[in-house]
Amino acid sequence: MDRIRIRGGKSLKGEIRISGAKNAALPLMATSLLTDGEVRLDNVPDLADITTMTNLLAQHGVEVTTKLSGKERSVTLSGKGVNATTAPYDLVRKMRASVLVLGPLIARHGQAKVSLPGGCAIGTRPVDLHIRGLQQLGAEIDLREGYMVARAPKPYGRRFGRHHAQTPALAPQAAGAGLAVPWL
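In this section: the side chain of Thr85. Tracing the sequence through the fold places Thr85 in the loop between β3 (72-78) and β4 (86-87). A relative accessible area of 17% places Thr85 in the buried class.

A word on helix α5 (residues 128-136). Among the residues of α5, those classed as buried are Leu129, His130, Ile131, Gly133 and Leu134. Looking one or two residues beyond α5, the residue adopting positive phi is Gly138, at roughly 105°.

Along the chain, His60 falls in the loop between α2 (48-59) and β2 (63-69). The class of His60 is buried, set by a relative accessible area of 0%. Along the backbone, His60 and Leu105 are 45 residues apart, and their C-alpha atoms lie at a distance of 9.3 Å. The residues contacting His60, other than those within four sequence positions of it, are Leu33, Gly81, Val82, Asn83, Ala84, Thr85, Thr86, Ala87, Val101 and Leu105. There is a polar contact of 2.9 Å between the side chain of His60 and the backbone oxygen of Ala84.

With that settled, the discussion passes to the sheet that holds β4. Ordered in space as β4-β5-β7-β6, the 4 strands form an open sheet in which the pairing is mixed. The sheet is open, and its two edges are formed by β4 and β6 (140-144), each paired on a single side. Bridge analysis of β6 against strand β7 (residues 147-151) gives 5 bridges, and the strand direction is antiparallel. Counterpart to Ile141 in the pairing with β7 is Ala150.

One open sheet holds the 3 strands; their spatial order is β1-β3-β2, and the pairing between them is antiparallel. Unpaired on one side and paired on the other, β1 (38-41) and β2 mark the two borders of the sheet. Put simply, the sheet's adjacent strands are angled 15° from each other on average, direction ignored. With 7 bridges connecting them, β2 and β3 associate as antiparallel partners. The residue of β3 that forms the bridge with Glu63 is Ser78.

With that settled, consider the nonpolar core. Residues Met53, Val101, Leu102 and Val114 are the most contacted members of the largest nonpolar core, which totals 38 residues. Excluding residues that lie within four positions of it along the chain, Val101 makes contacts with Leu33, Met53, Leu56, Leu57, His60, Ala87 and Val114.

Within the fold, Thr76 resides in strand β3. If we skip the residues at most four places from it in the chain, Thr76 touches Glu38, Val39, Arg40, Glu63, Val64 and Thr65.

Glancing now at a nonpolar patch on the surface. Together, Ile4, Ile6 and Leu12 make up a nonpolar patch on the protein surface, roughly 360 Å² of accessible area in all. As for its placement among the helices and strands, Ile6 is situated in the segment before α1 (22-30).

Here is what the cut-offs are and how they apply
Residues numbered from 1 in each chain as written. Predicted model: local features only at pLDDT ≥ 70, side-chain atom pairs only at ≥ 80, totals over all residues. Heavy atoms only, no water. Helix = DSSP H or I, 4+ residues; strand = E, 2+ residues; numbered from the N terminus. Buried < 20%, exposed > 50% of the residue type's maximum accessible area, 1.4 Å probe, protein only. Contact = heavy atoms within 4.5 Å. Polar contact = N/O pair within 3.5 Å; in protein donor to acceptor, adjacent residues only side chain to side chain. Pairing = 2+ DSSP bridges. Axes fitted to C-alpha atoms, helices over the stretch in contact; angles between N-to-C directions. Core = buried A, V, L, I, M, F, W, Y, C linked by side-chain atoms within 4.5 Å. Patch = residues over 30% accessible without salt bridge, like charges linked within 9 Å, V, L, I, M, F, W, Y side chains within 5 Å. Areas by Shrake-Rupley, 256 points an atom, 1.4 Å probe, with all protein chains shown as cover. Salt bridge = Lys/Arg side-chain N within 4 Å of Asp/Glu carboxyl O.

Okay, here's the thing in structure tokens:
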């Protein structure tokens, strides 16, 4: 829907149910890679990117349970079985936000191989900010054959500021720092 046109001189009345925000849910879903425990998210929107992230996380070993209660959707993610460190092209190509698994995989396993993402309808948006931020945390990242290949046997904490307009670009750094040893 591009717009809503309202005609007439009458006041609007009623209720509309608002679902959660995709750009809030996706980074939170990726944090399930950091823990053996469960992450429960309520009011998760029913969108293709959410389904793609669910499939990507399941491929890494995250157990995903989705429940519908009325019109509200809850997702419970258990990272207990996380064992894979490669995010393959077939899944990552569908969604740019797939880069969000890079930081958590590095933090948990000390390595990751994530395909360069696709799926952006508004044009090319580079992942250099994600890569640079993780490098500042101690990760060594090379681009090889369409993949970001990362190693960080001992990631460390670091203070960093917001140098750019892409707030989602901070998510992999924050998640990557989640299991890091502070160097201060």
